[in-house]
Amino acid sequence: MKLSTKITVSLLLGIIAGIILNLFFPSIIPGLDQYVLSPVGKIFLRGIQFIVVPIVFTSLIVGFTSIKNSEKVGRLTWRLLSLYIVTNLVALVVGMATAAILKPGNSVSNIGELSTQKAAQGQGILDWLVSIVPTNPFESFSTGNLLQIIFTAILIIVGIRLVGEKANPFVSFVKSFHEIIGKITSVVMKFSPIGVFALISSVIATQGLELVQKLVMYIVGLILAVVIMIFVYFLFLTFMKISPVRFWKSFLPAFGIAFGTSSSNAALPVAIENAQGPFKMKKEIASFAISLGTALKRDGACIMQGFNALFIAQLFDVELTPTLIVSVMISTVIVSFSTAGVPGAGIIMMSTVLTAAGLPLEGIAIVAGVDRLTEGFRTLLNVLGNTANAAMLDKWENKEVESAN
Ligand code: ASP
């Protein structure tokens, strides 16, 4: 069986096992989750997180040192960021339109009973921008701060160019390290079917069904918006003459990991491997675009923040004025860039959007209870959006080379 098939099958089995446990064996869930499912899932997650920092750093150095023309780095960055802005806005509109049409907030009664979790506070936008520049690169590595690591890698690449031949031993060392990490990735991925089974069955088994029933329209609406956006991406790919079927098949392992772990960061090593292997993306574009996208590109977060804001406005009977809608749109796009690729990141950023739009922060507590159920879907979209944008950038570059010849 291919790895992508194994991951898909174990995700399905994990969902079925979670539902059966939740419905028929609630008494054994706490013990089973504490001693088996959670530890197994966490070991896998930690194993894959182990690879993220070295893979980002070494792939960027290997990819970018192979680019001879330094203007190209700037061009790739601007092209990618402009693709991000356009697709983020589309995702946001899809999320808000789905909430406006389905009106999930109007179907909920007894708001008071729903409050289950405390709202956490997100980081301010300006602070986030400033924090991209690391004061200590070793700290960036040890804390796994992706944007800071990318910043550090780019500075080192500039240094390598300036030093010239004397930098060759360092570049050879990084290349060799990159090969080793690639092999470790394949070893860890052998355990992915067990890991995603444990993670997904734990999430589903431990859900409180009463809360799920109350918020069913919210959950269904959000998942529907994610599915619509996936089809929009397929249209974008078709427009760029990239086969959506080939794209889906090539990146299926990365999507499976994203769905199972709810972490874009965890899917990163596999996404880079899928891009360079089955998808045949250019090495430097795969390493650069997918690393940057893992730090910045969150279509799922755009959908979720836009959808949530309208849901909360409906729930608390807040009138949708043009100012409110524009505030939600601007803050969502900005906040999506600073949402980390780890489980639970989106919900932390929600306070920034709600505050910007003047919506009640109590709304966060209401949706937090079911966030883990929809998070896998939006993380899958985050990774799909990231890899689709990288594929479009790759095509854009190739087209230019073809027309120049
Ligand atoms: N868990 C998501 C991710 O890793 C982020 C989010 O919460 O929206 O991409």
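Residues numbered from 1 in each chain as written. Predicted model: local features only at pLDDT ≥ 70, side-chain atom pairs only at ≥ 80, totals over all residues. Heavy atoms only, no water.

1. Things to note about the site of the ligand
- Around the ligand there are 14 residues in total, and Ser 264, Gly 346, Glu 375, Arg 378 and Asn 382 lie nearest to it.
- One nitrogen or oxygen atom from the side chain of Glu 375 is found 2.7 Å from a nitrogen atom belonging to the ligand.
- In this structure, Thr 379 approaches the ligand through a side-chain N or O atom, which is 3.3 Å from a nitrogen atom.
- Across the complex, the protein chains shield 100% of the 270 Å² of accessible surface that the ligand would expose by itself.
- Here the ligand is seated within the largest cavity.
- Among the elements of the structure, α17 (345–357) and α19 (371–404) are those that each provide at least two residues to the shell around the ligand.
- Looking at the shell around the ligand element by element, the count peaks at four residues for α19.
- Class assignment for the residues of the shell around the ligand results in three nonpolar, eight polar and three charged. (Near = heavy atom within 4 Å. Polar contact = N/O pair within 3.5 Å; in protein donor to acceptor, adjacent residues only side chain to side chain. Areas by Shrake-Rupley, 256 points an atom, 1.4 Å probe, with all protein chains shown as cover. 1 Å grid on protein atoms, 1.4 Å probe; cavity = no way out; pocket = protein on both sides within 12 Å on 5 of 7 lines; lining within 4 Å. Sits in = over half its atoms within 2 Å of the grid points. Helix = DSSP H or I, 4+ residues; strand = E, 2+ residues; numbered from the N terminus. Nonpolar A, V, L, I, M, F, W, Y, C, P; charged D, E, K, R; others polar.)

2. Some words on the layout of surface pockets
- In this structure, the largest pocket encloses a volume near 500 Å³.
- Contributing to the lining of the largest pocket are 24 residues, with Gly 182, Thr 185, Ser 186, Glu 273 and Asn 274 lying nearest its centre.
- Listed by contribution, the elements that provide at least two residues to the lining of the largest pocket are α1 (3–24), α8 (168–189), α12 (244–261) and α13 (264–276).
- The class makeup of the residues in the lining of the largest pocket is eight nonpolar, nine polar and seven charged. (Points joined across faces, edges and corners; volume = space filled by probe spheres on them.)

3. Some remarks on the pattern of salt bridges
- Using the criterion set out here, one finds eight salt bridges in the structure.
- For Lys 297, the salt bridge goes to Asp 299, with nearest N and O atoms at 2.9 Å.
- Judged by relative accessible area, which is 0%, Lys 297 ranks as buried.
- Each of Asp 371, Arg 372, Glu 375 and Arg 378 takes part in salt bridges that share partners, so that together they form one network. (Salt bridge = Lys/Arg side-chain N within 4 Å of Asp/Glu carboxyl O. Buried < 20%, exposed > 50% of the residue type's maximum accessible area, 1.4 Å probe, protein only.)

4. A short note on a nonpolar patch on the surface
- A surface patch of nonpolar side chains, about 1,100 Å² in accessible area, is lined by Met 1, Val 9, Leu 13, Ile 16, Ile 19, Ile 20, Leu 23, Phe 24, Phe 25, Ile 28 and Leu 209.
- By residue number, the principal contributor to the nonpolar patch is α1, which donates seven residues.
- Considering the arrangement of structural elements, one finds Val 9 in helix α1. (Patch = residues over 30% accessible without salt bridge, like charges linked within 9 Å, V, L, I, M, F, W, Y side chains within 5 Å.)

5. Things to note about the UniProt feature "transmembrane region" (unreviewed entry) in the protein
- Following the UniProt record, the feature "transmembrane region" (unreviewed entry) maps to residues 7–28, 48–67, 79–102, 146–163, 184–209, 215–239, 251–272 and 324–348 here.
- Annotated as residues 48–67, this span is 90% helix and 0% strand, and its ends, taken at the C-alpha atoms, are 28 Å apart.
- Annotation note: span residues 79–102, helix share 100%, strand share 0%, distance between end C-alpha atoms 35 Å. (UniProt positions renumbered as here; feature names shortened; annotations may be inferred.)

6. Details of the packing of aromatic side chains
- Tallying each qualifying case throughout the model produces 15 aromatic pairs.
- Aromatic side chains Trp 248 and Phe 255 sit 5.2 Å apart centroid to centroid with 40 degrees between the ring planes, which places their arrangement in the tilted category.
- The buried category is assigned to Phe 255, whose relative accessible area is 1%.
- Their ring planes at 80 degrees and their centres at 5.0 Å tell us that Phe 259 and Phe 377 sit as a pair that is edge-to-face. Of this pair, Phe 259 sits in helix α12 while Phe 377 is found in helix α19, placing the two residues 118 residues apart along the sequence.
- Of the residues examined, Phe 259 reaches a relative accessible area of 14% and is grouped as buried.
- Judged by relative accessible area, which is 26%, Phe 377 ranks as partly exposed. (Phe/Tyr/Trp six-rings, centres within 6.5 Å; stacked < 30°, edge-to-face > 60°.)

7. Thoughts on empty space enclosed by the protein
- Within the structure shown, the criterion is met by two cavities of 30 Å³ or more.
- Taken as a whole, the largest cavity spans an internal volume of roughly 90 Å³.
- Ala 340, Val 342, Glu 375, Thr 379 and Asn 382 are, among the 15 residues lining the largest cavity, the residues nearest its centre.
- Contributing elements (two or more residues each) for the lining of the largest cavity: α17 and α19.
- Top element by residues in the lining of the largest cavity is α19. It accounts for four residues.

8. Remarks on the packing of α13 against helix α14 (residues 283–296)
- Here α13 crosses α14 at 165 degrees, and the two axes come no closer than 9 Å. Here α14 runs roughly antiparallel to α13, going by the angle between their axes. Between α13 and α14 lies a crossing whose hand is right-handed. Between α13 and α14, the contacting residues are Ser 264, Asn 265, Leu 268, Ala 271, Ile 272, Ala 275 and Gln 276 on the first element and Lys 283, Ala 286, Ser 287, Ile 290, Ser 291 and Thr 294 on the second.
- Its residues placed into classes, the contact of α13 with α14 shows six nonpolar, six polar and one charged. (Axes fitted to C-alpha atoms, helices over the stretch in contact; angles between N-to-C directions. Parallel < 35°, antiparallel > 145°, perpendicular 65-115°, else oblique. Left-handed = near helix turned anticlockwise from the far one by under 90°. Contact = heavy atoms within 4.5 Å.)

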